Amino acid sequence: MLYPGTVTLEGEKRAAAEYAAGLVEDGMRVGLGTGTTVAPLIPALAARGLRLRCVATSEATARAAEAAGLTLDTLDGVGELDIAIDGADQIAPGPWLIKGGGRAHTREKLVAAAAARFVVIASHDKPVPRLTPPVPLELLAFGLEATLRRLEHAVLRGGAKSPDGGVIADWTGPIDDPAQLARRLEGEPGVVDHGLFAPTLVTDVVVATGEAIDHTRHWISPGSPPRRAPGRA
Ligand SMILES: O=C(CO)[C@H](O)[C@H](O)COP(=O)(O)O
């Protein structure tokens, strides 16, 4: 599909977001990510005039969705999501993602895991041959110094907080094996969540490069269908 004149990064983000808005159907429960790629998704979704129940992953997204006239609910209110659409900081083969540049990765992972379809939208600069640090972390404030000491390679991101008040830090150590690093971080007391998103979470990647949209479907294992058929609210 062609989008004439979308050569800036902003144009590519808008093109990817508008394409993804076209994947949403009437009656769906929709997870909304956070960031500059998701920002144009919100008016594009609202313009379609569908009956949707949306779950926002941050205050900023909630405010924008409300202003655009989208109906908001909580994740517990909707239970499951038919689709979630979000950006990423890096997209590596797998696809493995790094997310959390916008501090919302813990909520974003919960929303992605609740969705039958998780669509990652990006401009052409996000795909990378392999993931490189930093990996965003959300840490518990209690015992923070002890957690940082144990992690060794984590630095605080100023006074940044997650949407739920967690302390934001960045893992700056090596990422030799994302799955192994994810397991290590998940085993560390004090780490609420990390920004590594495993291939099992991702069903679709939509990348805009100049005027072209590349939409790749991913399955949990080769030949298998999506993890759950999208339904209606
Ligand atoms: O993970 C995120 C927020 O926590 C964002 O999706 C990620 O940082 C990409 O942001 P942008 O679309 O602004 O480049």
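- Looking at an unreviewed UniProt entry, one finds the protein chain named Ribose 5-phosphate isomerase A, with Solirubrobacter pauli as its source organism.

**Looking at the pattern of salt bridges**
So, point 1. A full pass over the atoms with the stated rule returns 12 salt bridges.
So, point 2. A salt bridge links K99 to D86; the shortest N-O distance between them is 3.0 Å. Of the two residues, K99 is situated in the loop between β5 (96-98) and α5 (105-114) and D86 in strand β3 (residues 83-86); the sequence distance between them amounts to 13 residues.
So, point 3. Here K99 falls in the buried class, since its relative accessible area comes to 3%.
So, point 4. The class for D86 is buried, based on a relative accessible area of 2%.
So, point 5. For the salt bridge of R150 with E188, the shortest nitrogen-to-oxygen distance reads 3.0 Å. In this pair, R150 sits in helix α6 (residues 144-151) while E188 sits in the loop between α7 (178-186) and β10 (191-194), placing the two residues 38 residues apart along the sequence.

**Details of the sheet that holds strand β1 (residues 29-32)**
So, point 1. What the 6 strands build is an open sheet, ordered β2-β1-β3-β6-β12-β13; its pairing is mixed. For this open sheet the edge positions go to β2 (53-56) and β13 (212-217), each flanked by a neighbour on one side alone. The average undirected angle you get between the axes of adjacent strands in this sheet is 20°.
So, point 2. Looking at chain direction, β3 and strand β6 (residues 118-123) are connected through 3 bridges and run parallel. The residue bridging I85 from the neighbouring strand is V119, located in β6.
So, point 3. Docked against the sheet, helix α1 (residues 9-21) engages β3, β6, β12 (204-209) and β13, running at close to 160° with respect to β6.

**Points about α5**
So, point 1. Burial analysis of α5 places 7 of its 10 residues in the buried class, which makes it a mostly covered element.
So, point 2. H105, T106, E108, K109, V111, A112 and A114 are the residues of α5 that are buried.

**Notes on the nonpolar core**
So, point 1. V30 and L45 are the most contacted members of the largest nonpolar core, which totals 27 residues.
So, point 2. Elements supplying a minimum of two residues to this core: α1, β1, α2 (41-47), β3, β6 and β12.
So, point 3. In terms of residue count, α1 provides more of this core than any other element does, 6 residues in total.
So, point 4. With residues near it in sequence (within four places) discarded, V30 still touches V24, L45, L52, R53, C54, V55, L81 and I83.
So, point 5. Listed in part, the 20 residues of the second largest apolar core include A169, W171, I175 and V191.

Parameters and conventions
Within any chain, residue numbers begin from 1 and follow the written order of that chain's sequence. In keeping with the model being predicted, local features are shown solely for residues with a pLDDT of at least 70 and side-chain atom pairs are shown and tallied solely at 80 or more, while totals for entire chains, interfaces and linings include all residues. Derived side-chain values reflect all non-hydrogen atoms in the structure, with water molecules and hydrogen atoms excluded from consideration. In what follows, salt bridge is the name for a side-chain nitrogen of Lys or Arg lying within 4 Å of a carboxyl oxygen of Asp or Glu. Helical segments are the DSSP runs of H or I of at least four residues, strand segments are the runs of E of at least two, and each set is numbered from the N terminus. Only protein chains enter the area calculation, which uses a 1.4 Å probe; residues under 20% of their type maximum are buried, those over 50% are exposed, and those in between are partly exposed. Any two strands between which DSSP finds at least two bridges are classified as paired. Lines fitted to the C-alpha atoms define the axes, with helices restricted to the stretch that makes contact. Angles between their N-to-C directions range from 0 to 180 degrees. It only takes one pair of heavy atoms within 4.5 Å for two residues to be counted as in contact. The set of buried Ala, Val, Leu, Ile, Met, Phe, Trp, Tyr and Cys residues whose side-chain atoms join them within 4.5 Å is what this entry labels a nonpolar core.

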